Structure formats: C-alpha cells, structure tokens
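Take a look at the letters that make up each chain.
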Amino acid sequence: MKTIAAAMAALVAGFAAAAETWTMESPHAWAREKGAVKVAQLPDGAFEVRHTGAADWCVNGFPCIAAKRGDTFELSCETEALADVTDSNPVQFGAVLRDGSGKVVSWSFGTAAAKPGGPVKTAFMVPRGVATVQPRVLGTGRAGARVRNVRAVRTGNVLSHPVTALATTFENGMLRGDVVGAGFEVTDKRTGRTWRPAGRRSPEVEEISRMVDDDGAVSMTYIHPESLRRWRATYRAEKDRPEVVVTLEGEGEMKSAIDYPAAFASQKGDRLIVPMNEGISYPVDEPDELSGRLVAYGGHGICMAFFGVQEDTTGAGWMAILETPDDVAMVSRRDAETKLWTLGPSWESQKRQFGYARRIRYVFLDQGGYVAMCKRYRAYAKEIGKLKTFAEKAKDRPLVDRLLGAPNVWCWEKDKLGVVSNLVAAGIDRFLWSGGGSPEEVAAMAAMPKVLVGRYDCYQDIYHPEQLKKLGRKSGYNTEAWPHDIVWNSVDSNDWRHAWGVQAKDGTWTYCAMMCDSVAPAYERRNVAEELKTKPYNTRFIDTTVASPWQTCWNPAHPMTRSDSRHWKMELLRILGDEFKLVVGSETGHDASVPFCDYYEGMLSLGPYRVPDAGRRMSEVWTNVPERVEKYQVGEKYRLPLWELVYHDCVCAHWYWGDYNNKLPSIWWKRDLFNVLYGTMGMYLFNNRQWAEDKERFAESYRVTSPVARATGYSEMTDHRVLSADRTVQESRFADGTVVTVNFGDAPFALHDGTSLPARSHRVRLGSRK
C-alpha cells in the first residue's frame, strides 16, 4: 500500500489548474459595537484597522467569488503592529461561505490568525452546498494592525478526478461491514442488528481515494475541507474474532480534532457504558446533559481506554478499545434527529501534528453487555502489560497486603497517636493513615502490624516568588523549580501553564506554575530519600499525578508530548515502589498506572458528580444532598463497577478526600453498601469532635466493609448482575467464590433461593477458594 506522502503527491499532481487571484479593493469595516472600529486605506494599497471594543469586527473588500465543491483557495496577508495600539489581539483571515440562495453557511471558514507583526496564511477547500466564497479580515476584542498584500488565490479543484469505484465492504464469519460516509456500518450476523453511523453523512470530510488490500482491508483517503488536512483510514476485520480494527494515518499539521469513525446510532433500550472513574452507564434517552468530552489521557476523563453501548434486554452491543490512547477523547453527543445519546472517538494532535498512526478496535458482542466488555478489556490489558495483580506486587513489597481491607483515614488533629488509639479501641485495627506525623508518631504507627502510614506529596504545583509574596508566605511546594522546570504552553517563555489556584486575602486568585513531568522524578527521588532518614513511612500519596491529564511542554530544555508525559508520570510512581519499596497511592486513578500504583483516592467518586468545590472544602460536612450527587454519585441506576471488573485484584479504589463515606451523613449507608458490593474500602475524614459524635457509626462502617474487601483483595471480580427491574438489587461475584448481594431499595426483595433481602441491606457469602 502506498505511503500517505506518495498517495498525496499523486493526488496533488491532478489538482493543477490555472490560478485565479483577487485582492482587497476599497476596504470597509464593520463592528458589532457601533463606532468601535476605524479603517484607513494607505497610498501603497495597505490599510490600517483599529478596534477598541470587546466584541467582533471585520474588514470587507472582496467580491463574492463563485465557487464549486472541491475548489481550493489560499488566503494570505502581512500584518504590522501599530505603535499606538499595545497588546493587540490577533488578526484573522478567513471567508464567508454562502449557498445558492445567498444564505450564510459559515461566517469564518478556514480562519487563521496571528498577532500583528506576522503573516497570516490559510488554505481550504469549498465543501458541499456552497456557491460563493467571500474572504475577509476579522478579529475579536481590542486590536490594531497595518495589513498589506491581502490576497485570495483559487489554486485548483481537489475533486477534479472521480474516486475509483472499488467496493468498500469487509467481512468475516461473524461480521459484515461497509465504509459509509465518515464512518462505517456493521451487521452482526449472530444477532442480526446493523450498527450504522448516527445522523446524516458528515459534511466535515470528503473522500478523495480508496484502495483494497489483497487481505481484504479497505483504505479510504479523506480531505478535511476547512484545513486541507489529508489522512487515510484503514478497516480490517479480524479473521477469527467479531472485531474490526480501524487505523488512521496522516502527516503534517493538525489544527483540530478528527472525530472518526462517526459514532454509531443508538436506539431506545440501549445503554451507554462509560469507564469514567469507577464506572457509569446512561440510558441513551437520558434527559440530562452528559459530560460531552472525556479525555482518555487523564483521571478526569475515562480511566480505562474503552467505551461502548449495550442492549439492556440482550446484552448485545459493541465496545471500542482505544489502542493509542494518549491523544484521544470519548465524545458523547445527542443525535440531532433521534435525540438519543451516542459515543464516538475524537483524535487530537500530538503537539499540533498528526504524528503517529492512531488505532481503535471495535468489538461486537452478541451477549454479556458491560461484563463482557470489561473481560475483553482485561484480556487486552494483560496482553499489553497493564495488568499487575496484588499477588505479583506483594511478592516484591509484602506491605501491600496491609492495604487490603484497610480504610483510608484522613485526620489533622495534633495528637495523632491519640486518634490512632481511638480507632483501635473501636475495633478499627487495620487502616491506612494518610495524615503524616512527627518522626516518633510515624515510627509508632509503622510498627503496628496492620497499619500503613503515609503522607501527602505533590510534584505538579510550583509556588513562585510573586505568588508567595501575594499570599504572604515564605515557602511553598517545589519553589526551587521556578522558572527553569515549568511547563510552557508555547515557544513563548511567558506563556507558562497554570496549576493549582490559591485565593489571596484580598479575594483575588493567584496560580501555581506547573512542573514539567520529565523533571519531577529527580525532585521526588531526592525528597523522599531525605525524609525517610527520619520518618519511616511505608506509604506515599502523590497528588494529581494520574488525575491531571498527560501534558505537552514546549520548553526547549525539556520538551514533552503527552506520551512523554505519561512515561514520566509512571516513572514518578515506579520510583516509590521499586526503589523505596513503599505502598503507592495517587489521585483519582488511570489504568496506565496500574503496574505502579496500589490505591487511588477518588476512583470511587465520579468526578462530575461530587459536591461543589470538593477539592478545597474537604472537611465540610453536607447535611443536604445535591440532586446530582443523589442521582449519579450514589445512584445505583447509573453506577457500574467497571473498574472492579477489570482491576479489582490490582489496585484499591477509594472515595475522594472531598467525597468520603461520612461527607454526607444521610447517604453514608449507601456508600457503605457500594463498598461491600464492590469489595472496596471506605474513606473517613474527621476531627476529634466528629469522632466522638459518630464513633459507633465509624466502627459499624468498618465492620460492614472490611471483611469483604479483605477476603476478595487478591481475587478478580468475575461478574456483576442487576437483579431487579428498577436496578436497586445487585450482585457481585469474585474468583474466590465470594458472592455479595445488595438491596439499595426501600422495600424487601425476594431472592431466587426463596429468602428475602431487607431494604437497605446486604448479604455476603464468603468464598473459600484461594
């Protein structure tokens, strides 16, 4: 098969046509704010534009150029800064597109921008449904520039040669597929259902060539009209599996995301399966708005690289495994015609370039639903080396065993050993103490046979001198990393990335700089080694590392792609376990870190559905339950243990430190039931007064959750079932034979064995298999 470059060269050779050129004549300006813009033409043909408003403006002077689908245009101009206008916003150059009736299709198609002082150049192809093109210079907000050599050139027509009429079907014994528009459709021969692209054919890409390999793989080359970006998609059906692998290849600049293949249409009765944190599902006719875009490269997105749709009645459906997950997101959209939700991939640039080949694997299911999806993904995770179990981890670090069945305890009281004595006296003798302590306190806790003792740490936030001065502080995290080890957003050293925000006494906000992930391991290795000389911690919690998305960095001293960022983030965690033999925790969680991390604070807490400002007001107890918390965060009709079905025997999932078991006392019981159903442990955050008031409730929570988490810690969750039509009664099964049944409802439920499960209760049958 030809390379992309060779294929494009062959196509471009056929696009040649006599170029036509237009220039701006008699420039005249418009602004949304009356009187905010002035334009003056200069003797040499250039013009000066000044805009003082906050809204949008433009300078017209081109005719409406008759055009047809496939015509290609290049727009270019040169800009100079004006001495009397400082800090001008960028000047943009684009085109207004209209259809045959004169109706505007786009007000700013193919737009490029530059700060005054640089050239502005763009190119685009006329998409379907467009009859005229009218170039114009435009912008938003305060601006001032001298603009010259403003030109529009029609360079040819991309579609002057028809696409070769080759069949675009692919097939194996279980599936039959066909490339359709900007996606593909598949008929599952086992179920008879055909999964088709949602909505009408996308107007965002045009097919310009197709090829078929000897092994039946189908390749389509597309062009994106607004950017002239060209890329190729290859479809290959696996020989002996109900799976289709789609590969995208391209070269050069990538200005915007590629949403390809198009999402499959849904039908009523389908359910979206989304591994956001622990896991959630939505009926496709869900009336509320969903998160929209969830990146695959950070904990506040999808935490495992897959998503899917199932039929609730049969368990048939599909899942998409993102085999190149570092620059991609899952997008949920409500179909404009059916009003039903759909899921699809959206590929992002690698530092503004197309970069490496992108790959997504579609797996079609005839039964099994979300459980089958998770088991397919677990097999994939094992195949690529992500699956590392507690049994494997404990061989090298026996202290990992203490984590299983241990609640995560946050308490900042001064007398830490006094708090610990209260815990033990209440029967809570196995726990993870996260609140640090003095050398003597840490040593005493580390000597307790069932206790892990750790502390908070962070290698993302850099408190810089100006910030510390504003806050009235003398020190802060990682100050010595300023300014040489900060992340740059661009090649401009003043354009550095903001991290954690802190409110000053005057009410204004000031922001930490972000440390580049590539330099963080060196700081960590030094800091941890030094501290362990006096404080014998056996655990370390690293904040933000896998919650924060993989970053890009343009600092020439340590440039970084998202893939590089992932590597260095994992190195930060690896050092703690491999070199210091510590039990390792991080925030929220992401499966890239499973081999290096032992517990996640926040995996159980669905990010969008926590109480407001949960990350800052951790200690505040809520007596009222916000609607979204009740419906989704502890909503058994939506939640699914997707993480546990894949990684239960690899990493412990905890609630978030602003969303813990006792955060909202009226739903404490429900969090406990989720813990026991999932085989996970609780998190408690309290002070001495709260402990005294709720001591018995803390002890009961521990007695409910710890035995199952301890018994199943080394076991895979093999199954999860919804037993009641209203989804309030659910059951989980583990490889050791343990079966947990929970009734979240307000009425007793008759089980298959003839017994009754009371409301708001659970039943556990512990297994005996090792």
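Only a predicted model underlies this, so the values are computations on that prediction, with no experimental measurement involved.

A few points about the side chain of Arg154
So, step 1. Summarising the element assignment, Arg154 is placed in strand β12 (residues 143–157).
So, step 2. In this structure the side chain of Arg154 is engaged in a polar contact, spanning 2.9 Å, whose partner is the backbone oxygen of Ala66.
So, step 3. A polar contact of 2.9 Å, which involves the side chain of Arg154, links it to the side chain of Asp71.

Observations concerning the sheet that holds strand β14 (residues 175–180)
So, step 1. Across the sheet, four strands lie side by side as β13-β14-β15-β16; this open sheet has antiparallel pairing. The open sheet has two edge strands with one neighbour each: β13 (169–171) and β16 (194–195).
So, step 2. Inspection of the sheet shows strand β15 (residues 183–188) paired to β16 by two bridges, in the antiparallel sense. The residue of β16 that forms the bridge with Val186 is Trp195.

Comments concerning the confidence of the model for the chain
So, step 1. Overall, the prediction assigns the chain a mean pLDDT of 95, with 97% of residues at 70 or greater.
So, step 2. Note that pLDDT drops below 50 for residues 7–17; the model gives that stretch 17 contacts with residues more than four away or on any other chain.

A closer look at helix α2 (residues 369–384)
So, step 1. A rise of 1.5 Å per residue sets the reference length of α2, with its 16 residues, at 22 Å; its end C-alpha atoms lie 23 Å apart and thus fit the reference within 8%.
So, step 2. Among the residues of α2, Gly369, Tyr370, Val371, Met373, Cys374, Arg376, Tyr377, Arg378, Tyr380 and Ala381 are the ones counted as buried.
So, step 3. Positive phi appears at Gly385, one or two residues downstream of α2, with a value of about 90 degrees.

Topic: the packing of helix α4 (residues 416–425) against helix α5 (residues 439–446)
So, step 1. Running from amino to carboxyl end, α4 crosses α5 at an angle of 25 degrees, the nearest separation of the two axes being 10 Å. With respect to each other, α4 and α5 are oriented roughly parallel. Where α4 abuts α5, its residues Lys416, Leu417 and Val420 lie against Glu441, Ala444 and Met445.
So, step 2. Tallied by class, the residues present in the contact of α4 with α5 amount to four nonpolar, no polar and two charged.

Description of the pattern of salt bridges
So, step 1. Counted by the stated rule, this structure contains 71 salt bridges.
So, step 2. Its salt-bridge partner being Asp649, residue Arg378 comes within 3.0 Å of it at the nearest N-O pair. Separated by 271 residues along the polypeptide, Arg378 in helix α2 and Asp649 in the loop between α10 (642–647) and β39 (652–654) bring together distant segments of the chain.
So, step 3. Judged by relative accessible area, which is 5%, Asp649 ranks as buried.
So, step 4. Across the pair Asp719 and Arg721 runs a salt bridge, and its minimum N-O distance is 2.6 Å.
So, step 5. The buried category is assigned to Asp719, whose relative accessible area is 16%.
So, step 6. Beyond isolated ion pairs, a larger network of salt bridges with shared partners links Asp44, Glu48, Arg50, Glu80, Asp84, Arg146 and Arg148.

Each value, and the rule that gives it
- Residues numbered from 1 in each chain as written.
- Predicted model: local features only at pLDDT ≥ 70, side-chain atom pairs only at ≥ 80, totals over all residues.
- Heavy atoms only, no water.
- Helix = DSSP H or I, 4+ residues; strand = E, 2+ residues; numbered from the N terminus.
- Polar contact = N/O pair within 3.5 Å; in protein donor to acceptor, adjacent residues only side chain to side chain.
- Pairing = 2+ DSSP bridges.
- pLDDT = per-residue confidence, 0-100.
- Contact = heavy atoms within 4.5 Å.
- Expected span 1.5 Å × (residues − 1).
- Buried < 20%, exposed > 50% of the residue type's maximum accessible area, 1.4 Å probe, protein only.
- Axes fitted to C-alpha atoms, helices over the stretch in contact; angles between N-to-C directions.
- Parallel < 35°, antiparallel > 145°, perpendicular 65-115°, else oblique.
- Nonpolar A, V, L, I, M, F, W, Y, C, P; charged D, E, K, R; others polar.
- Salt bridge = Lys/Arg side-chain N within 4 Å of Asp/Glu carboxyl O.

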